[in-house]
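Structural features, examined
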Amino acid sequence: MKSALLKYYPLLALLLLCGFYLFKAIDFPANDFANYYFGGKFLAKGNFSSNIYFPYEFNKAIFDSGYPNIFVSYAPNTPFLAFSFLLFAGFSLAVAKIIFNSLSVVLFFFSIYRLFNHYKIDWRYALLIPVLFLVPIKNNLLFGQVYFLLFFLLSEGWLAYEKKQWKSMSLFWSLAILLKVFPVLLVALFIFRKQWKPLSFWVAFCLLLLGISILFTGVDIWIFYLQEVLPKASNGEIATGFVDNYQSVFMFLKRCFVFETIENPNAFYNYPNLFSALMVAFKIGVLVIGYFISKRNSNTLFVFSYWILAMILLSPYGSTYTFILLLFPFLALLKSEISNTKKVAFCLIIFLINNFSLSIFIGQEFPFSYLRMLLLFLFFVLFLLQFRQKVNWKAVAMLSLFPLFLILFFKTTKPEKSTILLENGPTLVYDYEINNNSLIGHFWDGREKVILWNTKIQTFHPLKLKNNQVFYNNQQLTFDKSHKRKPILIDNKTVLYLSDYDRGIGFYTLRKITLN
C-alpha cells in the first residue's frame, strides 16, 4: 500500500483539482450539459424530432419543462448523443450533471493510469497535467462537457489498436465517432497503412451502433442530421457567421477573405474563392503529411498524436474543452528522445494554448485576436519538425497547390444579394411583426419586443416561399440552401425575411434585399 502511494502520489494534485471543480460544478449553470440532458429526456418522452435542432423550438420545449433560464443549441450534436443520455433521463438536471461529471472523472483517471503504465512514462510528469491543462479540466467539469468521455474512448481505442484487439478498438472508436463525428478522421490511418481488417471491424461496429440507436430515435432524424445539420456544422455554421471564439484555421481564413457588410466589414480582401481554395489546400496538405507520417514513422504514439492534432486543426470550431485531447501529443513528447529544453518549450506552448484567457486578446485587432489559434498552429509546426525527414515536402506542396489553383481558376461563385439587417444584432431573432408602422423583433434574450427600424413603414405585403426560396412577382429572389421564414415586401422596395444563411441551423436573423 505504501509503495503504491509513493508511486502514484503525482496523481493527487490532479485528483484534488477534479474534486474541486466537481464541487464547483454543482452550483454552476447547466450550460452545455443541458444539450445532452434534454436531448435524452425528450427522446425518453417520445418528443425527439428534427425540431430539436432548431434553437427556438428546443429552448421553448426546455422552457415549457420548467427551466426558464436556459438557452442552448443541440446542433451540431448527433442523435446518438441523445440516445446515450437516456440513462440520465430519470434524474433531475442537477443530479444528472453530478453523476455524469463523476463518471467522466473516473474514466479520465482510468485512461491516464493506463496510458502512463502502457508507455512506462515517469509518474512525476503527471504533476504537470493539472498545471498545463487547468482550464480544459475546469471547463469540462463546470460545463458538463463530454470530452473526458471522448478522451477515454480515444485512449482505450488506441491501446486496443496497439495490442491488435480490433473488436475492442472498433467499439470504443465507433462510440467516439457517433458522439462527436470528427474522430472519423482516424479512418485515414487505416487506409494509409492498408489495414483493411480492423477498418472493416470498425465500419461494422459503427453500423451496428447506428442501427441500435435508430430503433430509439427513428431514421428520419438521422437523415435530417446528415442532410441539414452536418453540412452546416462542417462549414463552421454553429451560431453566427463569424465567431472569433472558435479560434480555428477555418474562421481565421474566413475573416481574411470573406467580406460581410455587418459581420466582417474589415476583411483583408473580399475573395471567397481564395478562402475555399486555401481551406481545401490546407486539408489536403494535412492529409498528405499524415500519409507519410503514418507510413514511415515507427513511433506509433507520435502517429496517433499527429491525427489528434489534425482533428483539432481541421475542425471549423474549437473550444477549451477540446484541448484536453492535447494530452496525447503531450505524452508523446514526454516519451520522445528530444532534449529537455525542447520539452520545456512544448510544455510552455501547451500551457499558453490551454490557459491563456480569450478575454486578453479577443478584443484586439485582427489577426492578434487569433493568438490562441496561432499558438496552436505553432505547436503543430514544431511537432511536425520532429519527423520532418519522414515527409516528402515536394509531394505535399504539389498535391496541395494543384487543387488550390483549380478552384481559383474554375470555381464560380454568385454574390449574395441579401445582407444582414441588424448591426450587432442578437444571436437569434425567432420572429418579427409590423405594428404601428414599426418593425418589431422578437429576440431570445429576455427582450420581448424591440423596434428594429426607426423609419416608419407605410405599406407591407407578405410574400410566398416556394421550395424554401423567396419569390416576388413570380421572380425568384433567393438561391441559397438556408432555412427561411416569413418573407414580406416593405414599401414596394425592400424584401425582409428570416434566414439562417451562413449561420447555425435555425439561428435566424433578418436579411434584406433591396429591389431595383
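Coordinates for the structure precede this section.
Note that the structure is predicted; figures quoted are calculated from it, not measured.

A look at unusual backbone geometry
- With omega at 10°, the peptide bond leading from A75 into P76 counts as cis.
- As for its placement among the helices and strands, P76 is situated in the loop between α4 (55-64) and α5 (79-84).
- One non-glycine residue, K120, adopts positive backbone phi at about 50°.
- By the secondary structure assignment, K120 is in the loop between α6 (93-118) and α7 (129-132).
- Positive phi values are uncommon outside glycine, yet N474 reaches one of about 65°.
- Take N474: it is sitting in the loop between β7 (469-472) and β8 (475-476).

Some details on the packing of aromatic side chains
- For the coordinates displayed, the defined rule picks out 67 aromatic pairs.
- Look at F33 and F100: their rings are 5.7 Å apart centre to centre, the planes differ by 35°, and that puts the pair in the tilted class. Note that F33 is positioned in helix α3 (residues 33-45) and F100 in helix α6, a separation of 67 residues in sequence. We note that F33, like F100, is buried.
- Here K466 stacks its cationic end above the ring of F471, 5.2 Å away from the centre of that ring.
- Between the NZ or CZ atom of R485 and the centre of the ring of Y508, over which it lies, the distance is 5.8 Å.

A short note on the pattern of salt bridges
- On inspection of all chains with the given rule, the structure shows ten salt bridges.
- Each member of the salt-bridge network shares a partner with another, and the members are K232, E237 and D500.

Some points on the sheet that holds strand β3 (residues 438-443)
- Read across the open sheet, the three strands follow the order β2-β3-β4; overall the sheet is antiparallel. The sheet is open, and its two edges are formed by β2 (429-435) and β4 (450-451), each paired on a single side.
- Inspection of the sheet shows β3 paired to β4 by two bridges, in the antiparallel sense. Counterpart to I440 in the pairing with β4 is I451.

Analysis parameters
Residues numbered from 1 in each chain as written. Predicted model: local features only at pLDDT ≥ 70, side-chain atom pairs only at ≥ 80, totals over all residues. Heavy atoms only, no water. Helix = DSSP H or I, 4+ residues; strand = E, 2+ residues; numbered from the N terminus. Phe/Tyr/Trp six-rings, centres within 6.5 Å; stacked < 30°, edge-to-face > 60°. Buried < 20%, exposed > 50% of the residue type's maximum accessible area, 1.4 Å probe, protein only. Lys NZ or Arg CZ within 6 Å of the ring centre and 35° of its normal. Salt bridge = Lys/Arg side-chain N within 4 Å of Asp/Glu carboxyl O. Pairing = 2+ DSSP bridges.

None of the figures reported here should be taken as evidence of function without further support.
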